[in-house]
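Structural characterization, general
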Amino acid sequence: MGFLNFSGFCGKALYKVIDSGAALAVEVSLHVRAVFKSDDRQKLLSRLIIPLFLILFPSPSVVKAQSMPPEGSNRVLAQVSSQKVESAQALVQEGQLLLNQGKAQLALTKFQQAAEIYKKSGDRRSEGNVQFWAGVTYGTLGNYQSAANSYKQAQTIYHEVADPLKEGTAFNSIGESYYRLGQLDKAAEFYNQALKIYERMDGTSEVLIRWGTTLNNVGAVYDDRKITTRL
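1. Quick notes on the nonpolar core
Ala 114, Val 130, Phe 132, Tyr 179 and Val 221 are the most contacted members of the largest nonpolar core, which totals 45 residues. Of all the elements, helix H9 (residues 184–199) adds the most residues to this core, at 9 residues.

What follows is the structure, encoded as structure tokens:
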């Protein structure tokens, strides 16, 4: 699909969002556009993203055993595993707090430690969430290529565990990273992947909000391309 046709499709999709009564999606999109046009983009972007992802990607909760713990050595192993999960959860919470305090480098260390624990324990969903947080943190540090790499790892996991809403969000975030790197073609490619996922989902308010945000991002790519063409 050519970019102009893709942009036309996005415009039609945006009308569909509005017709569905998702005024909130448009409001969020306009707010995001304001962030990207601000002189102090990174600071405002952090203010927008961090509270949003605290809602969308909360700290993984500790899973409580529903049956009696196993006896003997198996019981000891279960206790050790539970302690590791609790340790990972604490690391994620510390990382979120540090990130909100503007201490991104320290936050990144916490997220990386938590991701390793979840990887070893086989908790793929939690590992994906932490990889996403690592992507947010890399972006705050201005390391957009590493941010894209972390988001890609999260996207792969979300696809594996069949979580399309978060997978679409990961695709959108990969696109945002490439947009910040000035790679507009790649940004449009990943935004398109996010839109395809949202199209297949029921039009809940949460889906429409994310759809509207991605459409706004596509608009930003189109605007930048027009400027580049004029130059």
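Let us keep going from here.
2. Digging into helix H6 (residues 124–140)
Owing to its 3.6 residues per turn, the α-helix aligns residues three or four sequence positions apart on the same side. For H6, which comprises 17 residues, the first-to-last C-alpha distance of 24 Å matches the rise-based estimate of 24 Å (1.5 Å per residue) to within 8%. Where burial is concerned, most of H6 is hidden: 14 out of the 17 residues are buried. Just downstream of H6, Gly 142 is the residue with a positive phi angle, here 85°.

3. So, the pattern of salt bridges
A complete count under the given rule lists 6 salt bridges for this structure. Close ionic contact of Lys 110 with Glu 94 constitutes a salt bridge, the shortest N to O distance being 3.1 Å. A residue pair is termed long-range when its members are at least 10 positions apart, and Lys 110 in helix H5 (residues 104–121) and Glu 94 in helix H4 (residues 72–100) qualify at 16 residues. Residue class for Glu 94 comes out partly exposed when judged on its relative accessible area of 36%. Here Arg 125 makes a salt bridge to Asp 163, at a shortest N to O gap of 3.0 Å. Residue Arg 125 is located in helix H6, and its partner Asp 163 is located in the loop between helix H7 (144–160) and helix H8 (164–180); the two are separated by 38 residues in the primary sequence. When its relative accessible area of 37% is taken as the criterion, Arg 125 is described as partly exposed. Within the structure, one salt-bridge network assembled from shared partners comprises Arg 124, Glu 127 and Glu 160.

4. Looking at the packing of aromatic side chains
One pass over the full model with this rule turns up 4 aromatic pairs. Ring geometry for Tyr 178 and Phe 190: centres 5.7 Å apart, planes at 10°, overall stacked. Linking Tyr 178 in helix H8 with Phe 190 in helix H9, this pair joins segments that are 12 residues apart in sequence. Classification of Phe 190 as buried rests on a relative accessible area of 12%. By way of ring pairs, the aromatic residues Phe 171, Tyr 178 and Phe 190 are connected into one cluster.

Rules used in this analysis
- Residues numbered from 1 in each chain as written.
- Predicted model: local features only at pLDDT ≥ 70, side-chain atom pairs only at ≥ 80, totals over all residues.
- Heavy atoms only, no water.
- Core = buried A, V, L, I, M, F, W, Y, C linked by side-chain atoms within 4.5 Å.
- Buried < 20%, exposed > 50% of the residue type's maximum accessible area, 1.4 Å probe, protein only.
- Helix = DSSP H or I, 4+ residues; strand = E, 2+ residues; numbered from the N terminus.
- Expected span 1.5 Å × (residues − 1).
- Salt bridge = Lys/Arg side-chain N within 4 Å of Asp/Glu carboxyl O.
- Phe/Tyr/Trp six-rings, centres within 6.5 Å; stacked < 30°, edge-to-face > 60°.

These results come straight from atomic positions and should not be treated as a statement about function.
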